[in-house]
Amino acid sequence: MRILVISDIHANLTALQAVLEAAGSVDATWCLGDLVGYGPDPNECIELVRSLPSLVCLLGNHDAAATSHISLNAFNYDARLSVHWLRGVLKPQNMSFLAGLPEKYVTHQVTLTHGSPRNPVWEYLLDTHTAAFNFDFFDTHLCFVGHSHVPLAYLALNGTGNVECQLFNNGDKLKLTMRAILNPGSVGQPRDHDPRASYAIFDPEEMTWELHRVEYDVLSVQQRINSLGLPRRHAIRLAQGW
Ligand code: ZN
């Protein structure tokens, strides 16, 4: 069984299409939120994700910001600009799709959230200390998160209470014996200095996690960002993966 795990598409349709093509046939797709924000193709990305069979999709912080009247103080200047643009261009049916997304979804093996099990939409898991606290906030063997845009795993070392961080490169495969919090990286805005789109394949029968990177036409996305008048920084960073 192959479950495609993706996150942080950030309105980058070209990267999303490249990931779906590279992943090939899958039994289900789990999307961990942030379909929109930063990129030029919010409606197209939502419509493509919605069309995927056996989809589970979670709410990300950018999805929440686009669909509610929450304060944007937690966002930097460029991110705020793109949220304002987004609120103006989202089609009503896509806005209500985002507004209806759950903050958490639990299967018998896996808890899914955007940020962390403790604070599903907003908390970043950027270090082993914060990750260790979060193991008390889910009951399943595994938890899948996005939000940091870095493909990695936090592994609970058996019986010690300690947590180890493992980074992933293209093609790395992990047997999921320990409790773990796993991040598939970002489809549309990688931040680990590898500009290729990132995704994972989870096999719940074999209990394996496989990380993949795929190249896409970054230049065409940069051109759309610039022609829409969105912050140039959002275009520049795509070429370098930050
Ligand atoms: Zn994000």
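As the structure is a prediction and not an experimental result, all values here were calculated from the model.

S.K.: Just checking my understanding: could you explain the nonpolar core for this structure?
M.R.: The nonpolar side chains of a soluble globular protein tend to be buried with one another. Ile6, Ile9 and Leu35 are the most contacted members of the largest nonpolar core, which has 39 residues in total. Tallying contributions element by element places helix H1 (residues 13-23) first for this core, with seven residues. The contact partners of Leu35, leaving out residues within four places of it in the chain, are Ile9, His10, Ala11, Cys45, Ile46, Val49, Cys57, Leu58, Asp63, Phe97, Leu98 and Leu101. Counting residues in hydrophobic clusters, the runner-up holds 23 residues, among them Val5, Phe144, Leu174 and Leu176.

S.K.: Looking at this model, I keep getting lost on the coordination of the zinc ion. Mind explaining?
M.R.: Geometry reference: four tetrahedral donors at a metal, ideal angle 109.5 degrees. Six octahedral donors, ideal angles 90 or 180 degrees. Donor atoms from the polypeptide that bind the zinc ion are Asp8 (OD), His10 (NE2), Asp34 (OD) and His149 (NE2), placed at 2.0 to 2.5 Å. Seen from the zinc ion, its four donor atoms lie at angles of 87 to 177°, and the figure they make is irregular. Donor residues for the zinc ion, ordered by position in the chain, follow D-x1-H-x23-D-x114-H. One end of the pair, His10, is in the loop between strand S1 (3-6) and H1; the other, His149, is in the loop between strand S6 (142-144) and strand S7 (152-156), with 139 residues separating them in the sequence. Assessed through its relative accessible area of 1%, His10 is described here as buried. Using a relative accessible area of 1% as the deciding quantity, one classes His149 as buried.

S.K.: Sorry, what's going on with the sheet that holds strand S3 (residues 55-57) here?
M.R.: In space, the six strands of this open sheet follow the order S3-S2-S1-S11-S12-S9, with mixed pairing throughout. Bordering the open sheet on either side are S3 and strand S9 (173-175), each of which pairs with just one other strand. Across the sheet, the mean angle separating the axes of adjacent strands is 20° when strand polarity is ignored. Sitting on the sheet, H1 touches S1, strand S11 (197-203) and strand S12 (208-214), and the angle it makes with S11 is about 35°.

S.K.: I keep staring at the pattern of salt bridges and nothing clicks. Help me out?
M.R.: Side-chain pairing between opposite charges can occur once the charged atoms of the two side chains come close. One pass over the structure, following the stated rule, counts eight salt bridges. A salt bridge links Arg224 to Asp41; its shortest N-O distance comes to 2.8 Å. Taken together, the residues Arg224 in helix H7 (residues 218-227) and Asp41 in the loop between strand S2 (28-31) and helix H2 (42-50) connect sequence positions 183 residues apart. Take Asp41: its relative accessible area is 5%, and that puts it in the buried class. When the shortest N-O distance is used, the salt bridge between Asp78 and Arg233 registers 3.4 Å. Of this pair, Asp78 sits in helix H4 (residues 77-89) while Arg233 sits in helix H8 (residues 232-240), placing them 155 residues apart in sequence. Since its relative accessible area comes to 13%, Asp78 is described here as buried. The network of salt bridges with shared partners includes Asp192, Asp194, Arg196 and Arg213.

S.K.: What is the right way to look at the sheet that holds strand S10 (residues 180-183) in this model?
M.R.: The strands that make up a sheet pair up through hydrogen bonds in the backbone, lying either parallel or antiparallel. One open sheet accounts for six strands, arranged S4-S5-S6-S10-S7-S8; its pairing is mixed. A strand with exactly one partner marks an edge of an open sheet, and here the two such strands are strand S4 (104-106) and strand S8 (163-167). Looking at each pair of strands side by side, their axes are set apart by 15° on average, direction ignored. Bridge count for S4 against strand S5 (residues 110-113) is three bridges, and the pairing is antiparallel. Within S5, the position partnered with Lys104 by the bridge is Thr113.

S.K.: What should I look at first to understand the packing of H7 against H8 in this one?
M.R.: When two helices pack together, you describe them by how their axes are tilted relative to each other and by the distance separating the axes. As a packed pair, H7 and H8 sit with axes 8 Å apart at the nearest point and diverge in direction by 175°. Taken as axis vectors, H7 and H8 run roughly antiparallel relative to one another. Contacts between H7 and H8 involve Val218, Val221, Gln222, Ile225 and Asn226 on the former and, on the latter, Arg232, His234, Ala235, Ile236, Leu238 and Ala239.

S.K.: When you look at the pairing of S10 in this model, what are you seeing that I'm missing?
M.R.: On a regular strand, one side chain projects to one face of the sheet and the next to the other, so that they alternate. Alternating residues of S10 divide into Ala180 and Leu182 and Ile181 and Asn183, and every residue in both groups is buried. Pairing between S6 and S10: three bridges, direction parallel. Looking at S10, one finds that Cys143 is bridged to Ile181. With four bridges joining them, S7 and S10 adopt antiparallel strand pairing. Following the sheet pairing, Leu155 is matched in S10 by Ala180.

What counts and what doesn't
Residues numbered from 1 in each chain as written. Predicted model: local features only at pLDDT ≥ 70, side-chain atom pairs only at ≥ 80, totals over all residues. Heavy atoms only, no water. Core = buried A, V, L, I, M, F, W, Y, C linked by side-chain atoms within 4.5 Å. Buried < 20%, exposed > 50% of the residue type's maximum accessible area, 1.4 Å probe, protein only. Helix = DSSP H or I, 4+ residues; strand = E, 2+ residues; numbered from the N terminus. Contact = heavy atoms within 4.5 Å. Donors = N, O, S within 2.8 Å, 3.2 Å for Na, K, Ca; no water. Tetrahedral: all angles 85-135°; square planar, octahedral: opposite > 155°, others 65-115°. Pairing = 2+ DSSP bridges. Axes fitted to C-alpha atoms, helices over the stretch in contact; angles between N-to-C directions. Salt bridge = Lys/Arg side-chain N within 4 Å of Asp/Glu carboxyl O. Parallel < 35°, antiparallel > 145°, perpendicular 65-115°, else oblique.

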